[in-house]
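Below are the chains, spelled out letter by letter.
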Amino acid sequence: MTDCLFCKIIAGDIPSSKVYEDEQIYVFKDIYPKAEVHILVVPKIHIKSLDELNGEHQDLIAKMTLKLPELARSQGLDTGFRTIINTGPGGGQEVDHLHMHILGGKNLPGFK
Ligand code: AMP
Ligand code: ZN
C-alpha cells in the first residue's frame, strides 16, 4: 500500500521517532502528542482498521495487545496508561492503517 502514511513510516520512507520494532509490529512517537507520552503501535502489514480484522489476525492482535504494558513502562508510565483505537470516520480515525495509541504522563486530557 504505497499511499499509506504508516506503511511509508514502517518502510523508512518517511522519518519517525522509533520506540520499538519486531517482526510484526512497529512503534513510534506520535508527531502531535496529546500527552507527555503518546506513542503509536502499528502492525507491519497493512490493515485498514479494526473493522477489517478476521480470524487470521488473532495472533497478531494478541501480540500487539500483550506488548502494550511493556511499551508503556518503557516510556516511564509506571502507574498506568490509556489505550485508544479509533475506527473509521465515525470513530475519529484519521490514518487508515490500524494503530493503537498509548498515552500517559503529564497533560493526559480528560476523557469525559
Ligand atoms: P487517528 O486519529 O486515530 O487515526 O490517529 C492518527 C495519529 O497519527 C494522530 O494522533 C496523528 O498525530 C498521528 N500522525 C499523523 N502523522 C504522523 C507522522 N508523520 N508521524 C507520527 N504520527 C503521525
Ligand atoms: Zn498501511
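Located above this text is the structure these notes cover.
These figures come from a predicted structure and were not determined experimentally.

Peer 1: For this particular structure, what's the right way to read the coordination of the zinc ion (ligand 2)?
Peer 2: Six octahedral donors around a metal ideally subtend angles of 90 or 180 degrees, whereas four tetrahedral donors ideally subtend 109.5 degrees. Note on the zinc ion (ligand 2): its protein donors are Cys4 (SG), Cys7 (SG), His46 (ND1) and His97 (ND1). The metal-donor distances range over 2.0 to 2.3 Å. Around the zinc ion (ligand 2), the four donor atoms sit at angles spanning 106 to 117°, and that spread fits a shape best called tetrahedral. One chain supplies every donor to the zinc ion (ligand 2), and in sequence these donors are spaced C-x2-C-x38-H-x50-H. One end of the pair, Cys7, is in helix H1 (residues 5–11); the other, His46, is in the loop between strand E3 (37–43) and helix H2 (58–74), with 39 residues separating them in the sequence. For Cys7, a relative accessible area of 16% translates into the label buried. Note on His46: relative accessible area 28%, which makes it partly exposed.

Peer 1: Help me out: how do you make sense of the environment of Ile85 in this one?
Peer 2: Mapped onto the secondary structure, Ile85 falls in the loop between strand E4 (82–84) and strand E5 (100–104). Taking the C-alpha atoms as reference points, Ile85 and Leu50, 35 residues apart in sequence, are found 8.2 Å from one another. With near-sequence residues (within four places) excluded, Ile85 lies in contact with Leu50, Leu98, His99 and Met100.

Peer 1: What am I meant to see in the nonpolar core here?
Peer 2: Taken as a class, soluble globular proteins show a tendency for nonpolar side chains to be buried jointly. Ranked by internal contacts, the top residues of the largest apolar core, which has 16 residues, are Ile25, Val27, Val41, Met64, Leu71 and Ile102. When contributions to this core are tallied by element, the ones reaching two or more residues are strand E2 (25–29), E3, H2 and E5. No other element matches the six residues that H2 contributes to this core. Once residues within four sequence positions are removed from consideration, Leu71 is found in contact with Tyr20, Val27, Ile39, Val41 and Ile102. By size, the runner-up hydrophobic cluster in this structure holds ten residues, among which are Phe6, Cys7, Tyr26 and Phe28.

What counts and how
- Residues numbered from 1 in each chain as written.
- Chains lettered and ligands numbered in written order.
- Predicted model: local features only at pLDDT ≥ 70, side-chain atom pairs only at ≥ 80, totals over all residues.
- Heavy atoms only, no water.
- Donors = N, O, S within 2.8 Å, 3.2 Å for Na, K, Ca; no water.
- Tetrahedral: all angles 85-135°; square planar, octahedral: opposite > 155°, others 65-115°.
- Helix = DSSP H or I, 4+ residues; strand = E, 2+ residues; numbered from the N terminus.
- Buried < 20%, exposed > 50% of the residue type's maximum accessible area, 1.4 Å probe, protein only.
- Contact = heavy atoms within 4.5 Å.
- Core = buried A, V, L, I, M, F, W, Y, C linked by side-chain atoms within 4.5 Å.

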